[in-house]
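So the chains spell out like this:
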Amino acid sequence: MTTARAGALLDRLGRVGQFLWSGWAGLAGLALFAALWQAGHERYGDFILPAPLATLAAGLTIAADPAAWELAGQTTLRAVEGFALAAAAGAAGGLAAGYSAATMRLARPILTVLLGVPPIAWIVLAMIWFGSTDGTIITTVLVAATPVVFVGVAEGAVTRDRGLDDMARAFGAGPLARLTTLGLRHVAAFLFPALTVALGSAFKVAVMAELLANTGGIGGALAAARANLDVAEALAWVLIAVAGLIAVEYTLVHPIRSEFERWRNAARPWGVKR
Amino acid sequence: MTRETTDAAPSLTLSGIGHAYLGRTVLDAVDLTLAAGEVAALVGPSGCGKSTLAHIAAGVVEPSRGRVARRYRRHGMVFQDPRLLPWATARANIAYPLRLLGLPRRERRERAEQAAQRVALDRADLDKFPIELSGGMRQRTAIARALAIDPDFVYFDEPFTALDVALKRRMQDLVIEAARGARFGALFITHDLMEAVRIAHRVVVMDAHGRGIAGTRAVPGKPGGRDDGTVYRLVAGFLSDDPLFRHIHDIDERRTP
Ligand SMILES: Nc1ncnc2c1ncn2[C@@H]1O[C@H](COP(=O)(O)OP(=O)(O)OP(=O)(O)O)[C@@H](O)[C@H]1O
Ligand SMILES: [Mg+2]
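Conventions we followed
Residues numbered from 1 in each chain as written. Chains lettered and ligands numbered in written order. Predicted model: local features only at pLDDT ≥ 70, side-chain atom pairs only at ≥ 80, totals over all residues. Heavy atoms only, no water. UniProt positions renumbered as here; feature names shortened; annotations may be inferred. Near = heavy atom within 4 Å. Polar contact = N/O pair within 3.5 Å; in protein donor to acceptor, adjacent residues only side chain to side chain. Areas by Shrake-Rupley, 256 points an atom, 1.4 Å probe, with all protein chains shown as cover. Helix = DSSP H or I, 4+ residues; strand = E, 2+ residues; numbered from the N terminus. Pairing = 2+ DSSP bridges. Axes fitted to C-alpha atoms, helices over the stretch in contact; angles between N-to-C directions. Contact = heavy atoms within 4.5 Å. Buried < 20%, exposed > 50% of the residue type's maximum accessible area, 1.4 Å probe, protein only. Buried area = accessible area lost by both parts, 1.4 Å probe.

- An unreviewed UniProt entry annotates chain B as ATP-binding cassette domain-containing protein of Azospirillum isscasi.
- Per UniProt, chain B carries the Sequence similarities (unreviewed entry) text "Belongs to the ABC transporter superfamily."

- Looking at an unreviewed UniProt entry, one finds chain A named ABC transporter permease subunit and attributed to Azospirillum isscasi.
- Here chain A is described in UniProt, under the heading Sequence similarities (unreviewed entry), as follows: "Belongs to the binding-protein-dependent transport system permease family."
- Of the comments in the UniProt record for chain A, the one headed Subcellular location (unreviewed entry) reads "Cell membrane".

## What to know about the site of ligand 1
Residues and elements named next belong to chain B.
Line of reasoning, step 1. Neighbouring ligand 1 are 13 residues; Ser46, Lys50, Ser51, Thr52 and Gln80 lie closest to it.
Line of reasoning, step 2. The separation between an oxygen atom of ligand 1 and a polar side-chain atom of Ser51 is 2.6 Å.
Line of reasoning, step 3. Note that an oxygen atom of ligand 1 is positioned 2.9 Å from one of the side-chain N or O atoms of His191.
Line of reasoning, step 4. Relative to its free-state accessible area of 640 Å², ligand 1 is covered by the protein chains to the extent of 64%.
Line of reasoning, step 5. Among the elements of the structure, β2 (24-35) and α2 (50-57) are those that each provide at least two residues to the shell around ligand 1.

## Focus: the sheet that holds strand β9 (residues 213-218) of chain B
Residue and element names in this part refer to chain B.
Line of reasoning, step 1. Strand order in this open sheet of 6 strands is β5-β6-β7-β3-β8-β9, and the pairing throughout is mixed. Each end of this open sheet is capped by a strand with a single partner; those strands are β5 (75-78) and β9. Neighbouring strand axes in the sheet, compared pairwise and without regard to direction, differ in orientation by 15° on average.
Line of reasoning, step 2. Sheet topology note: the strand β8 (residues 202-206)/β9 ladder contains 5 bridges and is antiparallel. When the sheet's bridge partners are listed, Val203 is paired in β9 with Arg217.
Line of reasoning, step 3. Strands in contact with helix α5 (residues 135-148) are β5 and β6 (153-157); relative to β5, the strand with the most contacts, it is inclined by about 175°.

## Points about the side chain of Gln172 of chain B
Residue and element names in this part refer to chain B.
Line of reasoning, step 1. On the secondary structure map, Gln172 appears in helix α6 (residues 165-180).
Line of reasoning, step 2. Given the relative accessible area of 5%, Gln172 is considered buried.
Line of reasoning, step 3. Within the structure, Gln172 has its side chain in polar contact with the side chain of Glu195 (distance 2.8 Å).
Line of reasoning, step 4. Not counting residues up to four positions away in its chain, the partners in contact with Gln172 are Phe160, Glu195, Arg198 and Ile199.

## Focus: the interface of chain A and chain B
Line of reasoning, step 1. Between chain A and chain B, the residue contacts involve 20 residues of the former and 23 residues of the latter.
Line of reasoning, step 2. Both faces considered, chain A and chain B share a buried interface measuring about 2,000 Å² in area, 74% of it formed by carbon and sulfur atoms.
Line of reasoning, step 3. For the chain A face of the interface with chain B, the top three residues by lost area are Met167, Phe171 and Trp263 of chain A, together amounting to 35%.
Line of reasoning, step 4. Taken together, the links from chain A to chain B amount to 4 residue pairs in polar contact (both at pLDDT 80 or more).
Line of reasoning, step 5. Of all the elements in the fold, those that place two or more residues in the side of chain A that touches chain B are α7 (162-170), α8 (175-213) and α11 (262-266) of chain A.

## Describing the sheet that holds strand β4 (residues 65-70) of chain B
Residues and elements named next belong to chain B.
Line of reasoning, step 1. As summarised here, the arrangement of the 3 strands in space is β2-β1-β4, forming an open sheet in which the pairing is antiparallel. Looking along the sheet, the strands with just one partner apiece sit at the ends: β2 and β4. Strand-to-strand twist in this sheet, taken as the mean axis angle between neighbours without regard to direction, amounts to 15°.
Line of reasoning, step 2. Note: strand β1 (residues 10-21) against β4, 5 bridges, orientation antiparallel. In the sheet register, Leu12 faces β4, and the bridge partner there is Arg70.
Line of reasoning, step 3. Running at roughly 120° to β1, α2 makes contact with β1, β2 and β4 of the sheet.

Right, here's the structure in full:
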């Protein structure tokens, strides 16, 4: 009993180690990016492309300002609200479509239309409907992020193993038990990657919508930086947005996903693990 | 246990079963009755509808025609392929039906480990995922899963094909033991007539095209009471003298031009 527990603990520690290792590799990639950036700076000068360290310094100055936190918080809140709505709507719709072919047939053309409309058009429409409010941003995020989640979940539900469903039925599982013990577990493996993508696009779309609708937040700050031709500040804001996204991805999305993908990793030899 | 006394209350009755997949009839007018505690071996050429019949009997597939009457308490099932949850460890897989029954975690764990022991699965292997197990281990996990719920009837669909000779015998002995102790009755699908004769009270031969049951033969003696020589002689006798068994290995010759 205790050895099993110790084993489980070791296993988990091992995964944390792996995770840190992957963070290390990510850092190396970022360093390479910064080097390229520095080269660009030396080639084109301060006005076009400020040095990465200068940008970092500008970013730190912004980060030291409580008002800036408020702006970032505003954007984050809008992005997360829109993301949560999109996740709920996309997951529910995707499940329905994955389990019922008729729903899928109805949903597919709607999806094509939704995906065909450029996000910028949605921003314009939302601005007309909601004016310069949170509603504009959230609606745009919702429209941009829902299809991603929907498609991921629907694909998961469609590719579920019907043999397992039959097995569960042979052991007396009703539809609800089959959904909770098999369907959702299988879909989760598709849901998490989709959520990662959706969260990323939620942030990006939120910033873009803020900029265009002039509703404050990081997008608003970017607009101000552009008006002042302050490239360092604009880049600093971009840096902050990206940093927020990376933080969410590595503290939330990746750990949860690796927990769900444990069995897949089990079959991989050590060196190949990501 | 005497068969005559239990014949009165059959554990499983299939009457007039017919089934079609996408309009193609694969089963028609199948009648089969199993006495309580009886182990019946179901044999027939590949593709004649044995698995389909077992699925219908176990309630996995709704038959297009006919009725199924089950008089046992609870059944377990071993499918032709293991059908394990890829994301769950062997232990969790074995415990899956117990989870469906709503048993507490601790009891699930204990009963899963007992069942694993019955099929000679190592404790160390119980923490592995199916993808890390060998084919035979997966099959034994699936067998343990069927036994963990303490069934009084088990559907076996060619359960021992991936096992080596020694393990196969051991698993067969498990079924024989269960039949002798009246722990469970079984519908045992197999291609191996030796296996059928060794473990069953009765061999049921299915029609090559799923048109009912071609015939059944009671096997002399009792499961577990027949030694290897007897089994060999019985099988040789069936194959050489009994017209019922003439077509059960036919499928290959039919297909080759
Ligand atoms: N899900 C399905 N959809 C369509 N046809 C099916 C399906 N399952 C089985 N069949 C068909 O039904 C027939 C009987 O199949 P079944 O699996 O019952 O045969 P079997 O007797 O178990 O064969 P084997 O000994 O090879 O396992 C086959 O012709 C097969 O092609
Ligand atoms: Mg079969």
